[in-house]
Amino acid sequence: MTALAASWLPLSPGERAVAIEVLVHGPLSRTELARRLGLSAGSLTRLTKPLIEAGLLIEAAEGTALPEARQGRPSQPLDIVAESSTFVGFKITDDMVYGVVTTLRSEIVTRHDRPLTTHEPERVADLLAEMAGELARAHPSLAGIGIGVGGLVEHRAVVGESPFLSWRDVPLAELVEERTGLPVVVENDVAALVEAETWFGAGRGLDRFVVLTIGAGVGYGLVLGGRRVSCAEEDRGFGRHWIVDPTGPLTPDGERGSAVSMLSIPSIRHQVQAATGRAVTYEEILAGAAAGDPMRARVIGEAGRALGTLVAQISNFVMPQKILLAGEGVGLMEVAGESVERAVRANRHPLAAPVPLETKVSDFHDWARGAAVLAIQVLVLGTMEP
């Protein structure tokens with residue numbers, strides 16, 4: 001594979017702002033685009049002309065649906081050529097690598113998964129390079145690779161700590177770049193999902209937005225002013241130390257009554273196994289609770305109340321315009337949705353605005369898509385910083 005340009009260069013700051021606005025929110029009429037960016041019609045024409053000539057923007061068909069209502073004579077909207085570049089996103093778990101190829105607008109066009117049989121960093125990098133090579137043969141327009149990893153990631157390049165991979169200070173971006181020749185960005189997997197939802201998903205256009213994930217653990221991402229808030233302790237124990245019920249269960253992975261102890265899939269399975277002496281899957285627990293099994297219904301009911309309490313606490317402090325609940329554990333809402341809603345109401349002021357809670361049924365390919373968005377950001381922003 002040969003390296004492609006790592007950014008849209010050369011573009012002026014004004015041209016880049018126009019391109020990003022159309023990428024994230026387009027197609028847009030020139031009138032709407034000028035309004036969003038505070039530009040005069042003449043300035044917009046000056047900025048868009050080189051973008052159209054370079055093939056970054058196109059004048060879309062007259063019948064293209066626009067996000068804003070149109071009155072009077074319709075204008076020909078501007079849009080991005082989404083298929084002009086493609087991106088690889090990888091989500092690494094303890095036993096699998098989930099891969100996707102996306103367009104410039106993060107639409108998944110291909111999925112490609114491989115078992116992970118070793119956690120040795122060099123061999124993991126070899127596997128990622130092999131997968132990228134296989135994908136490049138079918139998608140020669142690959143422009144970058146994004147990788148999502150559970151744990152602490154530094155400078156979007158080095159995995160500082162990943163307990164489930166037993167990694168410390170692994171320069172994963174460098175290892176994969178050496179093998180592929182493509183620009184590589186690495187990020188905490190929850191942070192990657194937040195970026196994807198902020199640019200192209202449930203949080204697009206919102207100033208205050210929260211992503212809450214439940215699955216192997218509990219993840220949290222905060223967007224203020226339309227930008228993800230990063231912090232030094234990201235993914236280093238949020239769920240283990242957020243206590244939602246001081247009298248709740250004590251499990252191996254969290255403090256008593258913490259969000260992890262009450263909501264994570266391993267903790268829910270641990271509670272059921274401790275009571276029955278038999279290991280069962282999360283899906284079996286949900287099904288049993290829905291069917292009225294008393295013990296499983298109790299555990300799932302407590303988890304629902306814990307989730308509602310957590311959602312209410314987040315809403316009380318952050319006052320988000322929307323909370324997105326995602327992750328492989330969101331099936332909890334189908335069985336315990338009423339418990340969640342009651343707990344939210346019980347922990348909010350009676351006159352408080354309703355909590356805008358959106359549930360996204362997702363799998364590991366959604367996490368991989370989030371990683372691909374990291375690579376898209378590097379291309380369009382021309383920097384590793386979002």
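Scroll up for the structure.
Please read these numbers as outputs of a predicted model, since none were measured by experiment.

Caption draft 1: Representation of the overall build of the chain in the model. In terms of regular secondary structure, the chain is built from 13 helices and 15 strands. In terms of overall size, the chain behaves like a compact globule, its C-alpha atoms giving a radius of gyration of 22 Å where 386 residues would be expected to give roughly 21 Å. A principal-axis box enclosing the C-alpha atoms of the chain has dimensions of 70 × 55 × 35 Å. Here the chain, with 386 residues, has 53% of them falling under the buried criterion. Charge separation in the chain, taken as the distance between the mean sites of 35 positive and 47 negative side-chain charges, equals 5 Å.

Caption draft 2: Summary view of helix 13 (residues 364-381). For helix 13, spanning 18 residues, the distance from its first C-alpha to its last is 26 Å, which sits close to the expected 26 Å at 1.5 Å a residue. Directly beyond the C-terminal end of helix 13, a positive phi value near 70° is found at glycine 382.

Caption draft 3: Inspection of the packing of helix 11 (residues 294-318) against helix 12 (residues 332-346) at higher detail. Contact pair helix 11 / helix 12: the axes reach a minimum separation of 7 Å and the direction vectors enclose 50°. Relative to helix 12, helix 11 is oriented oblique. Once helix 11 is placed against helix 12, the crossing between them reads as right-handed. Taking contact as the criterion, the partners of Ile300, Gly301, Ala303, Gly304, Arg305, Leu307, Gly308, Thr309, Val311 and Ala312 in helix 11 are, on helix 12, Leu332, Met333, Val335, Ala336, Ser339, Val340, Ala343 and Val344. The residue makeup of the contact of helix 11 with helix 12, split by class, is 12 nonpolar, five polar and one charged.

Caption draft 4: Just the pattern of salt bridges, in detail. Summed over the entire model, instances satisfying the criterion amount to 22 salt bridges. A salt bridge links arginine 179 to glutamate 122; the nearest nitrogen and oxygen atoms lie 2.4 Å apart. With arginine 179 in helix 5 (residues 172-180) and glutamate 122 in helix 4 (residues 121-138), the pair connects residues that are 57 residues apart, well separated along the chain. According to the relative accessible area criterion, arginine 179 is partly exposed, its value standing at 27%. Taking relative accessible area as the criterion, glutamate 122 reaches 32% and is therefore assigned partly exposed. Linking glutamate 302 and arginine 298 is a salt bridge whose minimum nitrogen-to-oxygen distance equals 3.5 Å. Here glutamate 302 and its partner arginine 298 are both found in helix 11, four residues apart, which amounts to about one turn of the helix. The class for glutamate 302 is partly exposed, based on a relative accessible area of 23%. It is possible to trace a salt-bridge network through shared partners that takes in Glu120, Glu122, Arg123, Asp126, Glu178 and Arg179.

Procedures and definitions
Residues numbered from 1 in each chain as written. Predicted model: local features only at pLDDT ≥ 70, side-chain atom pairs only at ≥ 80, totals over all residues. Heavy atoms only, no water. Helix = DSSP H or I, 4+ residues; strand = E, 2+ residues; numbered from the N terminus. Rg over C-alpha atoms; globule rule 2.2 N^0.38 Å. Buried < 20%, exposed > 50% of the residue type's maximum accessible area, 1.4 Å probe, protein only. Lys, Arg positive; Asp, Glu negative; His and termini not counted. Charge placed at Lys NZ, Arg CZ, Asp CG, Glu CD. Expected span 1.5 Å × (residues − 1). Axes fitted to C-alpha atoms, helices over the stretch in contact; angles between N-to-C directions. Parallel < 35°, antiparallel > 145°, perpendicular 65-115°, else oblique. Left-handed = near helix turned anticlockwise from the far one by under 90°. Contact = heavy atoms within 4.5 Å. Nonpolar A, V, L, I, M, F, W, Y, C, P; charged D, E, K, R; others polar. Salt bridge = Lys/Arg side-chain N within 4 Å of Asp/Glu carboxyl O.

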